[in-house]
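Residues per chain, in single letters:
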Amino acid sequence: METTNNVMLMDHPLIQHKISMLRDKRTGTNEFRKLVEEIAVLMGYEALRDLPVEPVEIETPIEVCQSPMISGKKLAVVPILRAGLGMVNGILTLVPSAKVGHIGLCRDHKTHEPQEYYCKLPSPIEERTIAVLDPMLATGGSAEAAVDFIKTHGGKHIKFLCIIAAPEGVERLSHAHPDVQIYCGCLDRCLNADAYICPGLGDAGDRIFGTR
Ligand code: PRP
Ligand code: URA
């Protein structure tokens with residue numbers, strides 16, 4: 001795993017292999033959805049390594065001991081709609097008791113800036129680690145807006161998990177929110193004129209939900 005400033009590149013072979021399958025335009029909706037969820041599990045395993053644990057009294061068949069457990073109140077998962085929804089179950093596989101918020105953003109086709117259409121966060125959120133999920137970090141506009149919203153509502157400990165990032169998006173999010181750790185599976189070359197990531201995987205939302 002490679003770390004530069006606040007970006008952690010999660011280049012585990014299992015993640016890289018699954019991302020290659022996602023990129024393939026022949027990969028259909030069903031398989032695409034499964035792969036996004038599996039990648040979220042693999043990324044979440046590492047991205048959540050600093051989740052706070054607390055000692056709990058456990059009685060083993062041998063004796064009573066203090067053993068660490070994650071408190072149910074420690075994590076909030078916040079997908080950016082729609083595509084971020086595809087990563088939620090992967091993280092909930094790891095932490096089933098996490099609360100889930102939603103941030104609905106859609107990029108304007110001309111300006112490529114995000115338009116907000118729905119936002120709801122778990123409350124209180126101040127003490128939780130917040131994992132914002134979106135497979136794609138392109139211009140970074142959606143990620144920046146999502147983190148702005150979460151901070152406005154009191155969120156502090158924020159991580160951003162994306163499967164593919166463009167350098168432009170990493171730069172924008174890091175500049176706007178240097179305190180947010182970015183975890184990404186692959187850092188791609190650039191954006192094209194329509195602000196799609198190259199080589200990327202196309203439109204993640206459409207590929208997860210089978211729309212166009
Ligand atoms: C996609 C993607 C991100 C956003 C990334 O969503 O899932 O949310 O674009 O682009 P940005 O970094 O330039 O903001 P989109 O707006 O297409 O909505 P959808 O998930 O509903 O398809
Ligand atoms: N959103 C996507 O789904 N794909 C991209 O390449 C850029 C933004």
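For every chain, the first residue of the written sequence is number 1, and numbering continues from 1 onward in sequence order. Whichever chain is written first is A, and whichever ligand is written first is 1; the rest continue in order. Residue-level local features of this predicted model are given only where pLDDT is at least 70; pairs of side-chain atoms are given and counted only at 80 or more, and the full residue set underlies all totals for whole chains, interfaces and linings. In computing side-chain values, all of the structure's heavy atoms are included and hydrogens and water are not.

Chemist: In this structure, what is going on with the site of ligand 1? I would like to understand it.
Modeler: In the region of ligand 1, 17 residues are neighbours, and Arg-82, Arg-107, Asp-134, Thr-139 and Ser-142 sit closest. Throughout this description, a polar contact denotes any pair of N or O atoms lying within 3.5 Å of each other; where both atoms belong to protein, one of them has to be capable of donating a hydrogen while the other can accept it, and for residues adjacent in sequence the pair is counted only when both atoms sit in side chains. Residue Asp-134 places a side-chain N or O atom 2.4 Å away from an oxygen atom belonging to ligand 1. Between an oxygen atom of ligand 1 and a side-chain N or O atom of Thr-139, the distance comes to 2.5 Å. Using a 1.4 Å probe, accessible areas were evaluated by the Shrake-Rupley method; residue-level cover was limited to the displayed protein chains. When isolated, ligand 1 has an accessible area of 500 Å², and the protein chains bury 92% of it. Think of a 1 Å grid over just the protein atoms. A cavity is a set of points where a 1.4 Å probe fits yet cannot get out, a pocket is an open set with protein on both sides within 12 Å along at least five of seven lines, and lining residues have an atom within 4 Å of a point. The rule for placing a molecule in a cavity or pocket is simple: more than half of its atoms must lie within 2 Å of the grid points. Placement of ligand 1 is best described as lying within the largest pocket. Going along the chain from the N terminus, every DSSP run of H or I of four or more residues is numbered as a helix, and every run of E of two or more is numbered as a strand. Where the shell around ligand 1 is concerned, the elements lending two or more residues are strand 5 (75-81), strand 7 (102-107), strand 10 (136-137) and helix 4 (141-152). The nearness test applies per residue and asks whether one of its heavy atoms lies within 4 Å of the molecule or strand.

Chemist: How should I be thinking about the pairing of strand 12 (residues 181-187) in this particular structure?
Modeler: A regular strand places its side chains on the two faces of the sheet in alternate fashion. Residue burial is assigned from relative accessible area. The probe radius is 1.4 Å, only protein chains are included, and a residue is buried under 20% of its type maximum, exposed over 50%, and partly exposed in between. Taken across its 7 residues, strand 12 has 5 buried, putting it largely inside the fold. Convention used here: a crossover is right-handed provided that the path from the first strand, over the helix, to the second strand proceeds clockwise when the strands point away from the viewer. Read from strand 11 (residues 157-165) through helix 5 (residues 167-176) to strand 12, the crossover connection turns out right-handed.

Chemist: What am I meant to see in the state of the cysteines here?
Modeler: Each disulfide consists of a covalent bond between the sulfur atoms of two cysteine residues. What counts as a disulfide here is a pair of cysteine sulfur atoms lying within 2.5 Å. Enumeration over the complete set of coordinates arrives at 0 disulfides. No disulfide involves Cys-184; its sulfur sits 4.8 Å from the nearest other cysteine sulfur, which is in Cys-162. Classification of Cys-184 as buried rests on a relative accessible area of 1%.

Chemist: I tried to follow the site of ligand 2 on my own but got confused; where do I start?
Modeler: Close to ligand 2 lie Arg-107, Met-136, Ala-138, Ala-195, Tyr-196, Ile-197, Gly-202, Asp-203 and Ala-204, which account for all nearby residues. Measuring from an oxygen atom of ligand 2, one finds a backbone N or O atom of Ile-197 at 2.8 Å. Between ligand 2 and Ala-204, the relevant distance is 2.8 Å, taken from an oxygen atom to a main-chain nitrogen or oxygen of the residue. Bound to the protein, ligand 2 loses 90% of the 240 Å² it would expose on its own. More than half of the atoms belonging to ligand 2 lie within 2 Å of the grid points that define the largest pocket. When residues are sorted by character, Ala, Val, Leu, Ile, Met, Phe, Trp, Tyr, Cys and Pro go into the nonpolar class, Asp, Glu, Lys and Arg into the charged class, and all the rest, Gly among them, into the polar class. The residue makeup of the shell around ligand 2, split by class, is 6 nonpolar, 1 polar and 2 charged.

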